[in-house]
Amino acid sequence: MSRPSSLDFDVRQIPFSRRRSWLDISPVVGLHTVREQLHLVSHRTGMHPIFAFEPTLPVVTVEAGPARLSWVAADDARVDAVFESESAVRLRGRGLGLRIADATPELTPFTGTYFFRDPIDGSAVFTSYETGRRYRISRLRGELELHGAEALGESERAVTARGAEWEIVIEEYETALAPYTSATAFDDIVDTVAGEFDDYVERIAGWRTEDSPAVVASAYVLWSATVSPAGFLERESVFMSKHWMDKVWSWDHCFNALALAPGLPAEALDQFRIVFDFQDPSGALPDSVTHSEVLYNFVKPPIHGWAFRKLRGLLAEPVGAVELREIYDALVRWTGFWLERRRVPGHPLAHYQHGNDSGWDNSTTFDHDRLIEAPDLAAFLVVQLSVLAELAAELGLPADAARWRDEGGAMLAALTGLWDEDVFVARAAAGGRASKKTSLLNTLPIVASPHLTRQHSERLARRIEQHLTEFGPATQLVDTPEYEADGYWRGPIWAPSTAIVEDGLRAAGETALADTISARFRRLCERSGFAENFDALTGAGLRDRAYTWTAAVYLTLAREAAARAAAGGGV
C-alpha cells in the first residue's frame, strides 16, 4: 500500500503533466519564452504552444499538484484540469468560464492552425501544422461557444466554455476519433492519477525519510517529464524537461536511469539503452534524440560504463544474458568510436572536438583550444574499459577481457601523463598546448580513483575542496576572473558534475568530503528546487527550473544517504 504523496508546486516552475503524456500545461511556451497565461503545450515535432487558457474572471490563485491544476477566482469560482490519459485533458468549471484560444497568430498554407466545428458530433477541432496533430474539444456539460470557425489567414480562433457548471475534454490525436464518451467522473479521474503517482513515488523512493523532504517533488519532476514511445523514440523516455529542454541527451539519460533503477528496473534499463538505439556505424552515440529529431553534430562523454556498473548494482534482478550481451556489444562499439575515430595517429589519448562533446559546453578548459585531449575523457575511458573487461570475463570472452585490460592500462598511463602539479590538465590534440586548470572538469578523473595512485586521489580531493561553496562544487573556481554567476559551465553548480565527483571521492576513501558534497547539494535542491544549474554563491536556481537530471541526482544522493544512515554510517 503506497503512502499518499502530498505535493503542491508552482506551475511557473514545474509544468503540469502526467507520465507518458506529450502534453503539458505551463506558461513556458518556448526557449526562454514565458507567457502570462497558462498554455497547453505539445512536444511532438518540437515544443509548440497549442492553446492559451484565459479565465473569464480575474484569477486569485493558480494551484497545482500531481493530479489537479486549478484556476481559482473570488467566491471559490474555479476551473480544474486533470490529465485523463496521456493524450486527453479534462477541464471542469464552476462559476468561472474559460476561453481556449489558438496560440498561433495566423493560418498560412504551411503554418498555424485551422479550426472548424465537426458536423458529426459538434466538437471543435483545431489542426496544427506545427505538431502535425489535431486537437478536439468536446462538450460534456454546459455551453461551448465557437469563435472564428473555418476562418482563414489572421483571425480569432477560440472556444469559450461557460455556465454555472461545465465540463469539456481536449484530446490530441492524429486523423480521426470516434465521438468522445466517458463514464468516469472528474473526481474519480483525479483520484486515479493521484494513485498512479503515489505508486510511482513508492516504487522509486519507498526508502524516503524526513531527512529527504524534497523526494516527492523530485519524483514528480521525473514522472511528469516522461513520454510514451512515439516518433523516433521506441521506448518510454524521460526528457530533461517539458520546458524547452524536451530531449534525451546522451549522458543525461544515465542519471535518470540510476534514479529509476531500484523500483522500476525495466524502465531504468530502457532509459539507459534509449540512446544506443541510435548508435551510428562508427559506434558514436547521438548528441540528443527527441520526437522527430536525432542530432549527431556532437557527441557526449562516455560515462556509460561507469553508469552501467552502478545501475547493475541497484537492480533487484540480474540483467538477462541476452540483454547483457547486447549492452556489452553496444559499449564495445561506443568505446571503439573513441579509440579508433578520436585518436590522433600515434596518440594514446582520445580527444573532444568541442566543449559540447564533453557536456561542459563552455568550460574554461576549452578556452585555449577546442580540440583537446581532456583528462575527464581519459578517466571515463579507463573506467569504461575496466567495465568492458569485467563484462567480457562474465560473458566467457577471455581474449576480449585481456584486450580491454591492456587498453585500460595504456589509457591510465596516458592519463597520468596529463598530471600537472596538483590537478590534471588538458592538452591540444594538435600541438599539445596546455589548457587552463581552474575548471572542475580538470578534477573529474577522481571518477577513476580506484585506478589512480593515492597521491593523485588525495591531491584531487584537496583541489575539489577549493571548488566547494556553501551549496556544492562550483564548476569554476569562484576567485578566478573567468567565474560567472550565471555562466553555464563557468561557475554554476550542476547535478552531473556533483554526482560524478561525489562518487569518485567516496571510492577514493574521501568519505568526509563526499558526505559534505552530498549533504550540501541535497539541501540546495530542497531550498531552490530542481533547476538546470544553480548560482554557486547564492544557491539561486538558474535556467530551466524543472530539470530531471537534477531531480534524479537528488533522489540518488538521498537514497544513498538514507542507506548509510540505516547502516550507521555517514549522511
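Residues numbered from 1 in each chain as written. Predicted model: local features only at pLDDT ≥ 70, side-chain atom pairs only at ≥ 80, totals over all residues. Heavy atoms only, no water.

*Asks:* Looking at this model, I keep getting lost on the overall build of the protein. Mind explaining?
*Replies:* When its secondary structure is counted, the protein shows 13 helices and 25 strands. The C-alpha atoms of the protein give a radius of gyration of 25 Å, which matches the 25 Å a tight globule of 571 residues would have. Once the C-alpha set of the protein is aligned to its principal axes, its extents read approximately 75 × 50 × 50 Å. Considering only residue pairs separated by 6 or more positions, the protein has 64% of its internal contacts joining residues 24 or more positions apart. Carbon and sulfur atoms form 50% of the exposed surface of the protein, whose accessible area is close to 21,100 Å². The positive charge centre, built from 57 side chains, and the negative charge centre, built from 80, are 3 Å apart in the protein. (Helix = DSSP H or I, 4+ residues; strand = E, 2+ residues; numbered from the N terminus. Rg over C-alpha atoms; globule rule 2.2 N^0.38 Å. Contact = heavy atoms within 4.5 Å. Areas by Shrake-Rupley, 256 points an atom, 1.4 Å probe, with all protein chains shown as cover. Lys, Arg positive; Asp, Glu negative; His and termini not counted. Charge placed at Lys NZ, Arg CZ, Asp CG, Glu CD.)

*Asks:* Would you mind showing me how to read the packing of helix 1 (residues 186–205) against helix 2 (residues 215–224) here?
*Replies:* A pair of packed helices is characterised by two quantities: the angle between their axes and the separation of those axes. Closest axis-to-axis distance for the helix 1/helix 2 pair is 10 Å, and the angle between their directions is 110°. Taken together, helix 1 and helix 2 sit at an angle that is classed as roughly perpendicular. The two elements helix 1 and helix 2 meet at a crossing, and its hand is right-handed. Along its contact with helix 1, which presents Val193, Glu196, Phe197, Tyr200, Val201, Ile204 and Ala205, the element helix 2 presents Val215, Val216, Ala219, Tyr220, Leu222 and Trp223. Of the residues in the contact of helix 1 with helix 2, the class split is 12 nonpolar, no polar and 1 charged. (Axes fitted to C-alpha atoms, helices over the stretch in contact; angles between N-to-C directions. Parallel < 35°, antiparallel > 145°, perpendicular 65-115°, else oblique. Left-handed = near helix turned anticlockwise from the far one by under 90°. Nonpolar A, V, L, I, M, F, W, Y, C, P; charged D, E, K, R; others polar.)

*Asks:* Just to check I follow, could you spell out the state of the cysteines for this structure?
*Replies:* When the sulfur atoms of two cysteines share a covalent bond, that bond is a disulfide. Throughout the structure, instances matching the rule amount to 0 disulfides. Counting only cysteine sulfurs, Cys525 is the nearest neighbor of Cys254, a cysteine outside any disulfide, at a range of 19 Å. Judged by relative accessible area, Cys525 falls into the buried class, the value being 2%. (Disulfide = S-S within 2.5 Å. Buried < 20%, exposed > 50% of the residue type's maximum accessible area, 1.4 Å probe, protein only.)

*Asks:* Before we go on, may I ask you to explain the pairing of strand 2 (residues 33–42) in this structure?
*Replies:* Successive residues of a regular strand alternate their side chains across the two faces of the sheet. As judged from the 6 bridges shared by strand 1 (residues 23–30) and strand 2, these two strands associate in the antiparallel manner. Note that in strand 2 the partner of Gly30 across the bridge is Thr33. The turn linking strand 1 back onto strand 2 is made up of 2 residues, and His32 within it adopts a positive phi angle of 55°. Across 4 bridges, strand 2 lies against strand 3 (residues 48–55) in antiparallel orientation. Within the sheet, the bridge partner assigned to Val41 lies in strand 3 and is Pro49. If you look at the hairpin formed by strand 2 and strand 3, you'll find 5 residues sitting between the two strands, and Thr45 has a positive phi there, around 60°. (Pairing = 2+ DSSP bridges.)

*Asks:* Would you take a moment to explain the side chain of Asp376 for this structure?
*Replies:* Position of Asp376 relative to the elements: it lies in helix 8 (residues 375–394). Beyond its immediate sequence surroundings of up to four residues, Asp376 is in contact with Tyr352, Ser358, Leu441, Leu444 and Pro445.

*Asks:* What is the right way to look at the nonpolar core in this model?
*Replies:* Most often, soluble globular proteins keep nonpolar side chains buried together rather than apart. Residues Leu91, Ile137, Phe308 and Leu311 are the most contacted members of the largest nonpolar core, which totals 183 residues. The leading source of residues in this core is helix 8, at 13 residues. (Core = buried A, V, L, I, M, F, W, Y, C linked by side-chain atoms within 4.5 Å.)

*Asks:* What's the story with unusual backbone geometry in this structure? I'm lost.
*Replies:* Only a minority of non-glycine residues have a phi that is not negative, and only a minority of peptide bonds are not trans. Phi at Asp75 is positive, roughly 60°, even though this residue is not glycine. By secondary structure assignment, the location of Asp75 is in the loop between strand 5 (69–73) and strand 6 (78–85). Relative accessible area serves as the criterion here: at 81%, Asp75 is assigned to the exposed category. Positive phi outside glycine occurs at Glu421, with the angle close to 70°. Residue position: Glu421 is located in the loop between strand 21 (419–420) and strand 22 (423–424).

*Asks:* Which parts of the structure should I look at to understand the pattern of salt bridges?
*Replies:* Opposite charge on two side chains permits pairing when their charged atoms draw close. Evaluation of the coordinates by the stated rule reveals 54 salt bridges. Its salt-bridge partner being Arg18, residue Glu196 comes within 2.8 Å of it at the nearest N-O pair. Of this pair, Glu196 sits in helix 1 while Arg18 is found in the segment before strand 1, placing the two residues 178 residues apart along the sequence. For Glu510, the salt bridge identified is with Arg454, shortest N-O distance 3.3 Å. (Salt bridge = Lys/Arg side-chain N within 4 Å of Asp/Glu carboxyl O.)

*Asks:* Can you help me understand the packing of helix 12 (residues 511–528) against helix 13 (residues 548–566) in this one?
*Replies:* For the pair helix 12 and helix 13, interaxial distance at closest approach is 10 Å and the crossing angle is 130°. Here helix 12 lies oblique to helix 13, going by the angle between them. Seen from above, helix 12 lies across helix 13 with left-handed handedness. Counting all contacts with helix 12, which are made through Asp515, Ser518, Phe521, Arg522, Cys525 and Glu526, the residues of helix 13 involved are Thr550, Val553, Tyr554, Leu557, Ala558, Ala561 and Arg564. Here the contact of helix 12 with helix 13 is built from residues that sort into 7 nonpolar, 2 polar and 4 charged.

*Asks:* Could you clarify how one ought to interpret helix 10 (residues 454–467) in this entry?
*Replies:* One turn of the α-helix equals 3.6 residues, which is why residues spaced by three or four share an orientation. The terminal C-alpha atoms of helix 10, which comprises 14 residues, lie 20 Å apart, in line with the 20 Å expected from a rise of 1.5 Å per residue. Residues of helix 10 that are buried include every one of His456, Ser457, Leu460, Ala461, Arg463, Ile464 and His467, and no others. Down the axis of helix 10, the buried set is contained in an arc of 165°. They therefore lie on one face. Looking at the buried positions of helix 10, the neighbouring elements they touch are helix 9 (398–416), strand 21, strand 22, helix 11 (495–507) and helix 12. (Expected span 1.5 Å × (residues − 1). Arc of directions from axis to C-beta.)

*Asks:* How should I be thinking about the environment of His39 in this particular structure?
*Replies:* Locating His39 in the fold gives a position in strand 2. By relative accessible area, which is 7% here, His39 ends up buried.

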